[in-house]
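Next come the chains, spelled out residue by residue.
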Amino acid sequence: MQHFIATLCCALAMIATAFPAYANLDFDADGLHYTLLSEEEGTVTVDRIDNSIEADLVIPQKVTYDGRTYYVTAISDRAFYNCRHLTSVNISESITSIGEEAFRMCDNLTSITIPNSVEYIGDYAFVECSIMENICVDTDNPTYSSVDGLLMSKDQTKLITCPEGKNCDLTIPNTVTSIEKYSFFNCNLKSVIIPASVTTIGEDAFYYSFNLTKVTIPASVISIGIRAFADCPMLQNISVDPENQFYSSVDGLLLSKDQTKFIQCPGARSHITIPDCVTSIEGYSFITYKLKSVNIPSSVTTICDRGFWQCSGITTVDIPNSVTSIGERAFEYCRALTSVSLPNSITSIESITFGGCWSLESIDIPQSVTSIGEFVFSNCSNLASITLPNSVTSIGTGAFGNCTSLSTIENQSKTPVECTPHFREEIYSTATLYIPTGTLASYRKVAPWMNFLNIAEKEFNGINGTSAEGKPSPMITVIGGTVIISGIAGDESISICDMQGRAVYNGTEKDITGLAPGIYVLKAGSGTIKFAI
C-alpha cells in the first residue's frame, strides 16, 4: 500500500512538472498588466496597473514575458476605466475584443479608432468620455462601421454608440432600424431626429442625455425599452407620430397607444397631471430630480415595480383608493418625499417600496394591509413614527433597518407578530412602543417587541391621536427614565398610579422624573395608557 501511494505521488509530481499551472498566469510589462487567455494559443488580455496612465497609450500586438512571446488579443472589462489623463489610444490589429466599460470615464480621450480585427465591443465601452467626438472604424472591419463619428454595425442598421462630446443637432442616418441600448447614454446632444426607418429604441438609449430638449417618436417604432428617455433634465416633451400603432403622447407624456399605460415623464417637468385614461404607471416612469408633485387620477389601479423609483425631487404623493397594487421598490430613493397617503384598497406593501426615502417622517398604514414586505422602510433615516394596524399579520426581514430616528411605534395588533425587522439597537432603548391595553405580557415574550425598554399600553379606536370620546389622547415617550407626555392640552391634569393603585404623581407637568422601574397607568382627560419603565 505504501509503495502504491509513493508511486502515485511521484506520478502526480511528474504531471505537474510537465504541465505547469499557466491558468492563473498574469504579469506586468511596460506599464500594463496582462492575464493569460490561452496557453495553447499563447494569447493574453490587457489591463492597466492603475489609473495613472499618462497621455498616449499604445496597446501592443505582442508582449514577451519569462522568455515567451504572447499575442495580445483582448482588452479586459474596465481595463482603462477612469484613466482621466489618457488622451489617445493606439489599438493593435491583434485585438479582437474590447470589454465592457473598457474606456469609461476617460475624460480627455477625444477619439478612438477601432482596427479591422475587433469582433466584439462590450456595453458602456466608451461612455462618459466627455470630450470624445468621434469613434472611427477601419473600413475593412467585418463587424463594425462608423458614420459621422457614430459607432454602428457593419450594415449600418444598428446605431451602437454616439460619442458624448458631440454637441450638435443630430440626424440619425436613415439606414438605422435599431437604436441600441445605451447608444446616447450621457450624451451632449441638443436635439435628435429619429428617421422613419427606426423600429426599435433600446433600454437606456437616451438615459441622461442632459441637453436633449425634445424628441419625436416616428410611426415606425414598435418597441421602446425601459428607461429609454429617463433622467433627461432638459427634456420638456416626448412627441409621438399620431400614426404610430404602439405609442402615443398626451401633453408631452409618453403613453401606450390606448393611453392606459403611463411610460415616461419628461425630466424637465416640475409638476404633471396624469391623464384620467391611465390605469397603470409603468416601471421607471419618473426617474427625474425636477418633478415636485404629481396628480394621480382615480382611473389608476396599478403602480408597477419601480414606478416612482429615483423620483428624487417629489415631496408628497396622494395615492387614490382606486389603486389596488403597488409594486416592489415603487418609491425607492424618493429622497425628498416627506409624506405619502396610502389607500385602504391595498392589502400588502411590497419589498423595498420606500427604501432610501431619507426625508419620510411618518406614515400611517391602512387597516386593509395584512403584509409588510422585506426592507420596506430600510434607510428611511428621518422616519420618526409608524403605526402598524391590527390587520398586519406579516412583517418582512429588515422592514425598518437603519430607521435611525424612530421614536414612536404604535402596534395595534392584540397578537404580537414575531419578525426580524432589524430595528437598530439604540431604538430599543430610546423609542416608545405603544400596544393594545391588556397585551403587555404577550409582547414581553415575542421578538423583537420584547426588546423594547419603553412599552406603553393604550386604547386604539382606529383614529390615531384621539380617545374614545374624541378628545386628545396622551402619548408617552420614556427617555433615560424621564416620562415625556404629549398629545394633550397644556393645562390638562395628569395622574399616574402603580399597579397596586397607589398614586405616584398628580399634576400638569409634561416631563416627569423620579419613577422607579415598573409598570404604571397614566390618566389624562379621557385617555388612559399603561406604560413601562
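Note that the coordinates shown come from a computational prediction; the quantities given were computed from them, not determined experimentally.

*Asks:* Would you take a moment to explain the overall build of the protein chain for this structure?
*Replies:* Helices and strands together make up the secondary structure of the protein chain, namely 3 helices and 46 strands. The C-alpha radius of gyration computed for the protein chain amounts to 32 Å, which surpasses the reference 24 Å derived for 533 residues by more than 25%, pointing to a less compact arrangement than a globule. When the backbone C-alpha atoms are referred to their principal axes, the protein chain occupies close to 95 × 85 × 45 Å. Taking all 533 residues of the protein chain together, 49% fall into the buried category. A separation of at least 24 residues holds for 35% of the contacts in the protein chain among residues at least 6 apart in sequence. In the structure as shown, the protein chain presents an accessible area of about 23400 Å², 49% of it carried by carbon and sulfur atoms. Across the protein chain, the 31 positively charged side chains and the 56 negatively charged ones have centroids separated by 8 Å.

*Asks:* How should I be thinking about the pattern of salt bridges in this particular structure?
*Replies:* When charged atoms on two side chains of opposite charge get close, those side chains can pair. According to the stated counting rule, one finds 13 salt bridges in the structure shown. Between K181 and D123 there is a salt bridge, with its nearest N and O atoms 3.3 Å apart. With K181 in the loop between β16 (178-179) and β17 (191-193) and D123 in the loop between β10 (120-121) and β11 (134-137), the pair connects residues that are 58 residues apart, well separated along the chain. By relative accessible area, which is 36% here, K181 ends up partly exposed. R329 is paired through a salt bridge with E332; the nearest N and O atoms lie 2.9 Å apart.

*Asks:* Could you clarify how one ought to interpret the nonpolar core in this entry?
*Replies:* When a protein is soluble and globular, its nonpolar side chains tend to lie buried together. Core analysis: the largest hydrophobic core is formed by 62 residues, its most contacted members being F286, F308, F354 and F377. Looking at this core, the elements with two or more residues in it are β23 (253-256), β35 (385-388), α2 (427-430), β38 (432-436) and α3 (440-443). Leave out the neighbours within four places in its chain, and F354 touches F331, L337, V340, L342, I349, L360, I363, V376, F377, S378 and C380. The next biggest cluster of nonpolar side chains, apart from the first, holds 39 residues, and it includes I53, A79, I114 and I135.

*Asks:* What should I look at first to understand unusual backbone geometry in this one?
*Replies:* Most peptide bonds take the trans form, and the phi angle of most residues other than glycine is negative. Following A447, the chain continues into P448 via a peptide bond in cis, with omega recorded as 5°. By the element assignment, P448 lies in the loop between α3 and β39 (454-458). Not every positive phi belongs to a glycine, and Y208 is a case in point at roughly 50°. When you line up the elements, Y208 lands in the loop between β18 (200-201) and β19 (214-217).

*Asks:* I keep staring at the confidence of the model for the protein chain and nothing clicks. Help me out?
*Replies:* Fine structural detail should not be taken from predicted coordinates in areas where pLDDT scores are low. Considering every residue of the protein chain, the mean pLDDT works out to 90; 92% of them sit at 70 or more. Every residue in residues 8-22 is under pLDDT 50, and counting partners more than four places away or in other chains gives 2 contacts. Confidence drops under a pLDDT of 50 for residues 462-470, and excluding neighbours within four residues, the segment shows 17 contacts in the predicted structure.

*Asks:* Even after reading the chapter, I still don't get the sheet that holds β16, so can you show me in this structure?
*Replies:* To summarise the sheet geometry, strands pair through backbone hydrogen bonds and adopt either a parallel or an antiparallel arrangement. Taken in spatial order, the 6 strands line up as β12-β13-β14-β16-β18-β20 in an open sheet, and their pairing is mixed. The open sheet has two free edges, formed respectively by β12 (144-147) and β20 (223-224), since each of these has just one partner strand. Where strand β14 (residues 158-161) lies against β16, 2 bridges are found, and the strand directions are parallel. Bridging across to β16, K158 finds its partner in S178.

*Asks:* Just to check I follow, could you spell out the sheet that holds strand β34 (residues 371-372) for this structure?
*Replies:* Strand order in this open sheet of 3 strands is β32-β34-β36, and the pairing throughout is parallel. Only two strands of the sheet have a single neighbouring strand rather than two, namely β32 (348-349) and β36 (394-395). As defined by bridge partners, β34 adjoins β36 across 2 bridges and the pair is classed as parallel. Bridging from a neighbouring strand, I372 pairs with I395 of β36.

*Asks:* What am I meant to see in the layout of surface pockets here?
*Replies:* A probe as big as a water molecule, rolled over the atoms, marks out the empty space that is left. Space inside the largest pocket adds up to approximately 290 Å³. Residue lining of the largest pocket: 17 residues in total, with I121, D123, I160, E180 and K181 positioned closest to the centre. Counting residues per element, the lining of the largest pocket draws most heavily on β14, at 3 residues. By residue class, the composition of the lining of the largest pocket is 9 nonpolar, 4 polar and 4 charged.

*Asks:* Help me out: how do you make sense of the environment of T35 in this one?
*Replies:* For T35, the location among the structural elements is in strand β2 (residues 32-38). Given the relative accessible area of 31%, T35 is considered partly exposed. For the pair T35 and V89, spaced 54 residues apart in sequence, the C-alpha separation works out to 20 Å. Apart from the residues lying within four places of it in its own chain, the contact partners of T35 are L25, D26, V44 and T45.

*Asks:* Hey, could you run me through the pairing of strand β5 (residues 62-65) in this one?
*Replies:* Side-chain positions along a regular strand alternate between the two faces of the sheet. Across 4 bridges, β5 lies against strand β6 (residues 68-75) in antiparallel orientation. Across the sheet, the residue bridging to K62 is Y71, located in β6. Where β5 hands over to β6, the hairpin turn is made up of 2 residues, of which D66 adopts a positive phi near 55°.

*Asks:* Help me understand the packing of aromatic side chains in this model?
*Replies:* Aromatic rings considered in pairs are described by the distance between their centres and by the relative angle of their planes. Evaluation of the coordinates by the stated rule reveals 26 aromatic pairs. Between the aromatic rings of F103 and F126, the centroid separation amounts to 5.9 Å while the plane-to-plane angle is 10°, which identifies the pairing as stacked. Placement of the pair is F103 in the loop between β8 (97-98) and β9 (111-114) and F126 in the loop between β10 and β11, with a sequence separation of 23 residues. Just as F103 is buried, F126 falls in that class too. One aromatic cluster in this structure is built from F262, F286, F308, F331, F354, F377, F400, F423, Y428, Y443, W449 and F452. Over the ring of Y124 we find R104; its NZ or CZ atom is 4.9 Å from the centre of that ring. Above the ring of Y284, the side-chain terminus of R227 is found at 4.5 Å from the ring centroid.

How each quantity is defined
Residues numbered from 1 in each chain as written. Predicted model: local features only at pLDDT ≥ 70, side-chain atom pairs only at ≥ 80, totals over all residues. Heavy atoms only, no water. Helix = DSSP H or I, 4+ residues; strand = E, 2+ residues; numbered from the N terminus. Rg over C-alpha atoms; globule rule 2.2 N^0.38 Å. Buried < 20%, exposed > 50% of the residue type's maximum accessible area, 1.4 Å probe, protein only. Contact = heavy atoms within 4.5 Å. Areas by Shrake-Rupley, 256 points an atom, 1.4 Å probe, with all protein chains shown as cover. Lys, Arg positive; Asp, Glu negative; His and termini not counted. Charge placed at Lys NZ, Arg CZ, Asp CG, Glu CD. Salt bridge = Lys/Arg side-chain N within 4 Å of Asp/Glu carboxyl O. Core = buried A, V, L, I, M, F, W, Y, C linked by side-chain atoms within 4.5 Å. pLDDT = per-residue confidence, 0-100. Pairing = 2+ DSSP bridges. 1 Å grid on protein atoms, 1.4 Å probe; cavity = no way out; pocket = protein on both sides within 12 Å on 5 of 7 lines; lining within 4 Å. Points joined across faces, edges and corners; volume = space filled by probe spheres on them. Nonpolar A, V, L, I, M, F, W, Y, C, P; charged D, E, K, R; others polar. Phe/Tyr/Trp six-rings, centres within 6.5 Å; stacked < 30°, edge-to-face > 60°. Lys NZ or Arg CZ within 6 Å of the ring centre and 35° of its normal.

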